[in-house]
Amino acid sequence: MASLVSHPDEVRVVSKRFGQGATDIDRYLELDGYKAVQKALGMGPDAIINEVKNSGLRGRGGAGFSTGMKWSFVPQQSAKPKYVLCNGDESEPGTCKDRLIFEHDPHSVIEGLMIAALAVGSHTGYIYIRGEYRYLLVIMQKAIKDAYAKGFLGKNIFGSGYDLDIYWHGGAGAYEVGEESALMESLEGKRGIPRIRPPFPAVVGLWGGPTVINNAETLASVPAIILGGAEWYTKLGSPKNGGTRLFCLAGHLNKPGVYELPMGYNLKKMIYEVGGGVPNGRSLKAVVPGGSSTPVLLPEEIDVAMDFDSVAKAGSMLGSGGVVVLDDTTCMVKFALRTMKFYKHESCGWCIPCREGTDWLEKTLTRFHAGGGVKKDIDNIYYLSENMLGKTFCPLGDAAAMPTMAFVKKFRKEFEEHLDGKPCPFEKAAAAEPILA
Amino acid sequence: MKFSDQFEARFTEMLGHYPTKRSALVPTLLYAQDEVGFMSDEVIAELASRLDLTELEVRNVISYYSMLTTKPRGKYNVQVCTNIACMLRGGEELLEHCKQKLGIGHKGTTQDGLFSLEEVECIGACSWAPAAQVNYDFHENLTNEKMDQVLEDYKKKGTQ
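Residues numbered from 1 in each chain as written. Chains lettered and ligands numbered in written order. Predicted model: local features only at pLDDT ≥ 70, side-chain atom pairs only at ≥ 80, totals over all residues. Heavy atoms only, no water.

Paired through their backbone hydrogen bonds, the strands of a sheet run either parallel or antiparallel. Residue and element names in this part refer to chain A. With parallel pairing, the four strands of this open sheet are ordered in space as 3-2-1-4. With partners counted over all chains shown, the strands left at the sheet margins are strand 3 (165-170) and strand 4 (211-215), one partner each. Adjacent strand axes in the sheet meet at a mean angle of 20°, parallel and antiparallel pairs treated alike. Against the sheet, helix 7 (residues 134-149) makes contact with strand 2 (124-129) and strand 3, and its axis sits at roughly 165° relative to strand 3, the strand it touches most. (Pairing = 2+ DSSP bridges. Helix = DSSP H or I, 4+ residues; strand = E, 2+ residues; numbered from the N terminus. Axes fitted to C-alpha atoms, helices over the stretch in contact; angles between N-to-C directions. Contact = heavy atoms within 4.5 Å.)

Listed below in structure tokens is the structure:
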């Protein structure tokens, strides 16, 4: 069980039931549970979609697309069944927030998915949870069972005449499956290989039916929006970035943890005040602001509002909310190598630029870090990355390329220090003084 | 081939989840592996037949998912994360420590069949790094000493 933290600047919307025993359905009901879905039943699809659109809620998985907009793309009439999916394949390095939602408030995900189903006229939903999160799958299985027992799921939910089934589904280890179309392939019992778009899932998705897929945190935000209203929710955040967000503070920090902060919270403040700053009197070297696929920021670039648009303006991405902090003992070549090793491991091999690119890059970076690099390798690393960008079915190729290009651009000098057989200048510094003693 | 009653109950339930049988494949494979220990030829043949698939189709799926293995592992599979957040807080040193302690390398198994070791990618414990999973259990904010205790506890549990 992951430990909880708190900070006075937190605004608790998604995390308000954390530590409150809300895995128990009766406790969830006491804490305003299943009120939003009953309200939504009286609103009708258009009003639900408008409310969510106006709230400024944007996808918490990382892409930041308007949730209400996504729902509005699903055609009203469809010969094939429509589906709603919860993406709980949380795997982006640096990210550990959906885990807490499933652990502490599984019913909020179910309720959010139910509202999504009502909005698009779907009668079947799936909650996909990554295989490593087995204890959370067990929690979710019980939550779904309890919801059926109360008559909240199944035939004629809340006596409304609306039928809605929600099922659990467990993965078996694959980052790639967190990509929407790959998740659908996986749910169909196949390798998680991405699909070409168009057609988009809203039109042709799971088993060919129109499909909405949302991240677990996105869905857990929906009930609060329906109850509190779009105006309240949007005002919590910054312009065009409604609400709050679970930020996973990790790396070289005194107080790492998952904190719920308003969208647009200043990154510098997040690191130094919420996260307690860098330990052992060391100084900040770099920040990966939104999971391993987002371009690194330098200390002089972190005075930025953590919302989708501001971080994009600063040359990176808000991504999945995983804020990874690096102190001055970190070797950036090593960090780039470890990042690439991950993408090479996770590339499904379907698109050649990604399959070959991540492999070459891992090999080059390994040789480079070991002191076998020559000057032209540096440009080659950049060039190989650039040639993956935008050339693959899914964003895994981009996810590998974008941070690597930023490492080379912003830390070129450090790459040069590794040239011509020189030992890594950082190798001993980091190991000498472990953070957890 | 005989699975436990719990497996059969889950399998039957899952078939009711989906319009196609095949969709039950990935979660079923993992539940089968939990019982048998690995994806044996027998398990593959059995599940292929139950889900109207060829054995090749099942093997094709197995090779994609990192948690599924066709080789037997130890009773306790120690999975140490060395991805970025764990690496920054000593994940690699922790893996090295486990290698020394258990006397095995990545994907190795101890001679008594009690432990396997694996270097894994991000397990979603970034804010509590460094972290490891032993089978499905999370162990977080680890030091070498804490890890020794974790291994000791499993050793006791496994040899009782």
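Counted according to the given criterion, the structure contains 25 aromatic pairs over all chains. For the ring pair Phe3(B) and Phe7(B), a centre distance of 4.1 Å and an interplane angle of 25° mean the geometry is stacked. The same class applies to Phe3(B) as to Phe7(B), namely buried. What links up through ring pairs into an aromatic cluster is the set Tyr83(A), Tyr126(A), Tyr167(A), Trp207(A) and Tyr18(B). In this structure, Arg99(A) packs its charged tip against the face of Phe138(B), placed 3.9 Å from the ring centre. When the ring centre of Phe11(B) is taken as reference, the NZ or CZ atom of Arg50(B) above it lies at 4.9 Å. (Phe/Tyr/Trp six-rings, centres within 6.5 Å; stacked < 30°, edge-to-face > 60°. Buried < 20%, exposed > 50% of the residue type's maximum accessible area, 1.4 Å probe, protein only. Lys NZ or Arg CZ within 6 Å of the ring centre and 35° of its normal.)

What follows is about the pairing of strand 3 of chain A. Residues and elements named next belong to chain A. In terms of burial, strand 3 is a largely internal element, five of the six residues being buried. Across six bridges, the pairing between strand 2 and strand 3 is parallel. Paired with isoleucine 129 across the two strands is glycine 170, which belongs to strand 3.

Turning to the environment of Leu30(B), a few remarks are in order. If you trace the backbone, Leu30(B) turns up in helix 2 (residues 25-36). Each C-alpha atom, one on Leu30(B) and one on Phe3(B), is 13 Å from the other, the two residues being 27 residues apart in sequence. With residues up to four places along the chain from it excluded, the contact list for Leu30(B) reads Gly131(A), Arg134(A), Gly171(A), Ala172(A), Met67(B), Leu68(B) and Tyr136(B).

Our next topic: the domain arrangement of chain A. Residue and element names in this part refer to chain A. What the domain assignment lists for chain A is domain 1 (25-236), domain 2 (244-325) and domain 3 (332-432). Between domain 2 and domain 3, the C-alpha centre-to-centre distance is 22 Å. Opposite the 13 residues of domain 2 that make contact, domain 3 presents 14 residues. The tally of links from domain 2 across to domain 3 stands at two salt bridges. The shortest N-O distance in the salt bridge between glutamate 301 and lysine 410 comes to 3.0 Å. Taken together, the connections running from domain 2 to domain 3 amount to five residue pairs in polar contact (both at pLDDT 80 or more). Looking at the side of domain 2 that touches domain 3, the element that brings in the most residues is strand 8 (residues 284-288), giving three residues. Looking at the side of domain 2 that touches domain 3 residue by residue, the class counts come to eight nonpolar, three polar and two charged. (Domains from an automatic or database assignment. Salt bridge = Lys/Arg side-chain N within 4 Å of Asp/Glu carboxyl O. Polar contact = N/O pair within 3.5 Å; in protein donor to acceptor, adjacent residues only side chain to side chain. Nonpolar A, V, L, I, M, F, W, Y, C, P; charged D, E, K, R; others polar.)

This part is about the packing of helix 2 (residues 35-43) of chain A against helix 6 (residues 106-120) of chain A. Residue and element names in this part refer to chain A. At a minimum axis separation of 9 Å, helix 2 and helix 6 run at an interaxial angle of 5°. By the criterion of interaxial angle, the relationship of helix 2 to helix 6 is roughly parallel. Each of Lys35, Ala36, Val37, Ala40 and Leu41 in helix 2 lies in contact with helix 6, whose residues at this interface are Glu111, Met114, Ile115 and Leu118. Residues that form the contact of helix 2 with helix 6 fall into these classes: seven nonpolar, no polar and two charged. (Parallel < 35°, antiparallel > 145°, perpendicular 65-115°, else oblique.)

The subject of this paragraph is the environment of Asp112(B). All names here are of chain B. Here aspartate 112 shows up in the loop between helix 6 (91-102) and strand 2 (115-120). Taking C-alpha positions, aspartate 112 is 31 Å from asparagine 60, a pair spaced 52 residues apart along the chain. For aspartate 112, the side chain forms a polar contact with the side chain of threonine 110, separated by 2.6 Å. Of the polar contacts made by the side chain of aspartate 112, one reaches the backbone nitrogen of leucine 114; its length is 3.0 Å.

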